[in-house]
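Letter by letter, the chains look like this.
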2 protein chains.
Amino acid sequence: MDRDKFVKLAHGSGGVEMHKLIESLIISRVEKKKVEGGLGIDYPDDGALIPMGNGEFLVISTDTYTVSPPFFPGGNIGTLAAAGSINDVLMMGGVPLAALDAIVVEEGFPIEDLSRIVDSMLFVFREEGVAVIGGDFKVMPKGSVDKVIINTTVLGIARKPIVDVPREGDKVIVSGHVGDHGAVILLLQMGVGERVEELEKGLLKSDARPLTRLMVPLVEKYGDHIRAARDPTRGGLAGVLNEWAKAAGKVIVVDEGKIPIRRPVKDYAEMLGVDPLYLASEGAAVLSVDAAAAEEVVEYMRGLGFEDARIIGEVRGSERYKGYVLLRSTVGGYRVLEPPTGDLVPRIC
Amino acid sequence: MDRDKFVKLAHGSGGVEMHKLIESLIISRVEKKKVEGGLGIDYPDDGALIPMGNGEFLVISTDTYTVSPPFFPGGNIGTLAAAGSINDVLMMGGVPLAALDAIVVEEGFPIEDLSRIVDSMLFVFREEGVAVIGGDFKVMPKGSVDKVIINTTVLGIARKPIVDVPREGDKVIVSGHVGDHGAVILLLQMGVGERVEELEKGLLKSDARPLTRLMVPLVEKYGDHIRAARDPTRGGLAGVLNEWAKAAGKVIVVDEGKIPIRRPVKDYAEMLGVDPLYLASEGAAVLSVDAAAAEEVVEYMRGLGFEDARIIGEVRGSERYKGYVLLRSTVGGYRVLEPPTGDLVPRIC
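Residues numbered from 1 in each chain as written. Chains lettered and ligands numbered in written order. Predicted model: local features only at pLDDT ≥ 70, side-chain atom pairs only at ≥ 80, totals over all residues. Heavy atoms only, no water.

Q: Even after reading the chapter, I still don't get the overall build of chain A, so can you show me in this structure?
A: When its secondary structure is counted, chain A shows nine helices and 14 strands. The C-alpha atoms of chain A give 20 Å as radius of gyration, which agrees with the globular expectation for 349 residues (20 Å, within 12%). The dimensions of chain A, computed from C-alpha atoms along their principal axes, are 55 × 55 × 50 Å. Scored against the burial criterion, the 349 residues of chain A give a buried share of 60%. Taking contacts inside chain A between residues at least 6 apart in sequence as the whole, the part at least 24 apart equals 83%. Carbon and sulfur atoms make up 48% of the accessible area of chain A, which amounts to about 13400 Å² in all. Here chain A carries 40 positive and 51 negative side-chain charges, and the mean point of each set is 3 Å from the other. (Helix = DSSP H or I, 4+ residues; strand = E, 2+ residues; numbered from the N terminus. Rg over C-alpha atoms; globule rule 2.2 N^0.38 Å. Buried < 20%, exposed > 50% of the residue type's maximum accessible area, 1.4 Å probe, protein only. Contact = heavy atoms within 4.5 Å. Areas by Shrake-Rupley, 256 points an atom, 1.4 Å probe, with all protein chains shown as cover. Lys, Arg positive; Asp, Glu negative; His and termini not counted. Charge placed at Lys NZ, Arg CZ, Asp CG, Glu CD.)

Q: Sorry, what's going on with the interface of chain A and chain B here?
A: Note on interface size: it is often stated as the accessible area lost on association of the parts. Contacts between chain A and chain B engage 74 residues on the former and 75 residues on the latter. Summed over both partners, the interface of chain A with chain B buries about 6300 Å², with 69% contributed by carbon and sulfur atoms. Linking chain A with chain B are six salt bridges. Where Asp 119 of chain B meets Arg 29 of chain A, a salt bridge forms, and the shortest distance between an N and an O atom there is 2.6 Å. Summed over the shared surface of chain A and chain B, the result is 28 residue pairs in polar contact (both at pLDDT 80 or more). Elements with a minimum of two residues in the side of chain A that touches chain B: helix H1 (16-25), strand S1 (47-51), strand S2 (57-65), strand S5 (95-106), helix H3 (111-127), strand S6 (131-140) and strand S7 (148-158) of chain A. For the side of chain A that touches chain B, the element with the highest residue contribution is S6 of chain A, accounting for 10 residues. Here the side of chain A that touches chain B is composed, by residue class, of 40 nonpolar, 15 polar and 19 charged. (Buried area = accessible area lost by both parts, 1.4 Å probe. Salt bridge = Lys/Arg side-chain N within 4 Å of Asp/Glu carboxyl O. Polar contact = N/O pair within 3.5 Å; in protein donor to acceptor, adjacent residues only side chain to side chain. Nonpolar A, V, L, I, M, F, W, Y, C, P; charged D, E, K, R; others polar.)

Q: Hey, could you run me through the packing of aromatic side chains in this one?
A: Aromatic ring pairs are described here by two measures, namely the spacing of the ring centres and the angle between the planes. Going through the model one piece at a time under the given rule, you end up with four aromatic pairs over all chains. Where Tyr 222 of chain A meets Tyr 300 of chain A, the ring centres are 5.4 Å apart and the plane angle is 65 degrees; that geometry is what we call edge-to-face. With Tyr 222 of chain A in helix H6 (residues 212-222) and Tyr 300 of chain A in helix H9 (residues 291-303), this pair connects stretches of sequence that are 78 residues apart. By relative accessible area, which is 6% here, Tyr 222 of chain A ends up buried. Their ring planes at 90 degrees and their centres at 6.3 Å tell us that Tyr 321 of chain B and Tyr 324 of chain B sit as a pair that is edge-to-face. By relative accessible area, Tyr 324 of chain B is classed as partly exposed at 39%. (Phe/Tyr/Trp six-rings, centres within 6.5 Å; stacked < 30°, edge-to-face > 60°.)

Q: I tried to follow the environment of Phe 6 of chain A on my own but got confused; where do I start?
A: Looking at where Phe 6 of chain A falls in the secondary structure, it is placed in the segment before H1. A C-alpha to C-alpha distance of 16 Å links Phe 6 of chain A and His 19 of chain A, two positions 13 residues apart in sequence.

Q: How should I be thinking about the relation of the copies chain A and chain B in this particular structure?
A: Copy one and copy two of the chain differ by a rotation about a common axis and a shift along it. With an RMSD of 0.0 Å, the operation that places chain A on chain B is a rotation of 180 degrees combined with a shift of 0.0 Å along the axis. The transformation relating the two chain copies, once decomposed into turn and shift, fits a two-fold axis. When C-alpha distances to the rotation axis are compared across chain A, the minimum falls at Val 145 of chain A, with a value of 2.1 Å. Looking at the interface residues of chain A, 100% of them are also at the interface in chain B, so both copies use one shared face. (Least-squares fit on C-alpha atoms with pLDDT ≥ 70 in both.)

Q: Explain the sheet that holds strand S13 (residues 325-328) of chain A to me, please; I cannot follow it from the model alone.
A: Paired through their backbone hydrogen bonds, the strands of a sheet run either parallel or antiparallel. Residues and elements named next belong to chain A. If you walk across this open sheet you meet the seven strands as S9-S11-S8-S12-S10-S13-S14, and the pairing is mixed. The sheet terminates laterally at strand S9 (226-230) and strand S14 (334-336), the two strands that pair on one side only. Between one strand and the next, the sheet's axes are offset by a mean angle of 25 degrees, whatever the strand orientation. Sheet analysis places S9 next to strand S11 (residues 286-289), joined by four bridges and oriented antiparallel. Note that in S11 the partner of Ala 229 across the bridge is Leu 287. Contacting strand S8 (171-174), S9, strand S10 (251-255), S11, strand S12 (310-316) and S13, helix H7 (residues 236-248) crosses the sheet at an angle of about 30 degrees to S11. Relative to the sheet, H9 contacts S8, S11 and S12, its axis offset from that of S8 by approximately 10 degrees. (Pairing = 2+ DSSP bridges. Axes fitted to C-alpha atoms, helices over the stretch in contact; angles between N-to-C directions.)

Q: Just checking my understanding: could you explain the packing of helix H2 (residues 77-90) of chain A against H3 of chain A for this structure?
A: Packed helices, taken two at a time, are described by the angle their axes make and the gap between the axes. Residues and elements named next belong to chain A. At a minimum axis distance of 6 Å, the contact between H2 and H3 shows a crossing angle of 30 degrees. Taken together, the axes of H2 and H3 lie roughly parallel to each other. In terms of crossing hand, the pair formed by H2 and H3 is right-handed. Together, Ile 77, Gly 78, Thr 79, Ala 82, Ala 83 and Ile 86 of H2 and Ile 117, Ser 120, Met 121, Val 124 and Phe 125 of H3 make up the contact between the two elements. In the contact of H2 with H3, the residues fall into eight nonpolar, three polar and no charged. (Parallel < 35°, antiparallel > 145°, perpendicular 65-115°, else oblique. Left-handed = near helix turned anticlockwise from the far one by under 90°.)

The analysis is restricted to geometry; functional conclusions fall outside its scope.
Written out as structure tokens, the structure reads:
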């Protein structure tokens, strides 16, 4: 059997294999990749832009959430489905305006559980002022889908879309701790959730949340200085930085010691033999910001309640390491932070 | 065990049970149901409208396609996913402009099959001039989803959106034969596909196709006379007519003998004990048109290549039968055409 002839879990993990497959299977075969004057499927971000004709842009993003288990410390698939697509619109500089949801549920799923999931989703949309304008609802026979999956599409308006790539000299900023969501889902999928007291005590939970309160004022005030913004979901921080380094043709150098990672995330990742830099965050932002404004941006982010925001590295020119991410170790020396490959955690989002 | 506490197949079939569940579970709990000046989740159609500020409207529709089997005579899940969401935008009077797709596939699915599905989807979008501007791709572990499901979101622009309800005196027009898609999928799901020679010979196949070439010129020319337009998918013609009768507070009277149904659809439906008026079409339109223009509209539709377009009934005022659909039998007399209930064909679209 030729393994390359079948879809593998790695094809869905947001890493090298996925990008190769969707490039050959989809992107390269699309003739009309964008609406004139906008950005489309060949733009390496989670959303697309359509010009509105008045100088503003419609930002739109769609994602199907398949996270397993559907309930986890810190939220559920409904929280994630609303926050995730809101964040994709925010990362392009959009102000989220309206959403559509499409739910697929397995026959026999408890209506009470479905109700809790829908309530969590609607709560996020309501809190963020996002109208829910339409949707779809499908039931699949028992055994043909595992519990519930939700697609959300979020639309927003951007006056100053963030569509650049990082430039030489830029500082790389994170809004806070990374890897929380990935660590939680990994522990639950391994069946050890009940033995992890940090989950029980609320010391370790998914960070799934919308970043509206961070990104809308930030883009309003510092939009001209933010070259790129991403939420490090599938593939984690390592994934975002590698995509940026490749797109910019620069090297991104990051200080390992400056990356904020919670103690239990670090500990359990080490215990399980995974690198937390590849674990998904669902409530964090990574920014590439003009060096002259970077310190001010960090201060402003902290003032918005993101006290752990900080500069973790910078973008440099390099012939030798062009397209690579280098990690400056806490014990000295550099190592290449490889782009994500394989299937670290299936059904993470 | 209380059966009402669990999701049933009927909750996803587009009938009475589904409308009740999504009303209580979702629609009634959404605070902001539309963007100001537009139409949203409480509007009984498959799409939503957002005002563009220049008198035009953005039309947007999302649907997740779960059809089983994914390949069928007349197309595959890719054809259906593109055509279905295009048609939802068309039925609101929109000109389809851009699409996003979100694919979920089971680990182990043959890449060659996935490639055929994607090609079919992209072919439809390309032929209809619809840009594919973004998407998502997820893989679920073997056994956690049955093969492949696809969500598509299509955006369009409407100058004259079709947002009315049928009015007294309107004529009801269908663009052609109904029930083809439903009959094909039903036969395949019952495992008798190989014994049905009409499937083999191409005499019976899914009608899944985009209706751009019908609806765009029709709305351009007769938009002011078309009160309502729908594609009779889940719940079939009976579903659309019942929703209209209820929304309008009128009775819709339809001539059974005038409804175009192909011979094999009629025969196999009778053999299987189902009513073809409840079987899904994926390439037909039902219109409620101002009586004064109805004959002209039918002629125009025929000129566009829809030779089987015809008037099948009309909208009347009635205190007694308000909200009902009456079928005038070919052998004389009337009977109530009930709204769809139960789960006639799961995973039809």
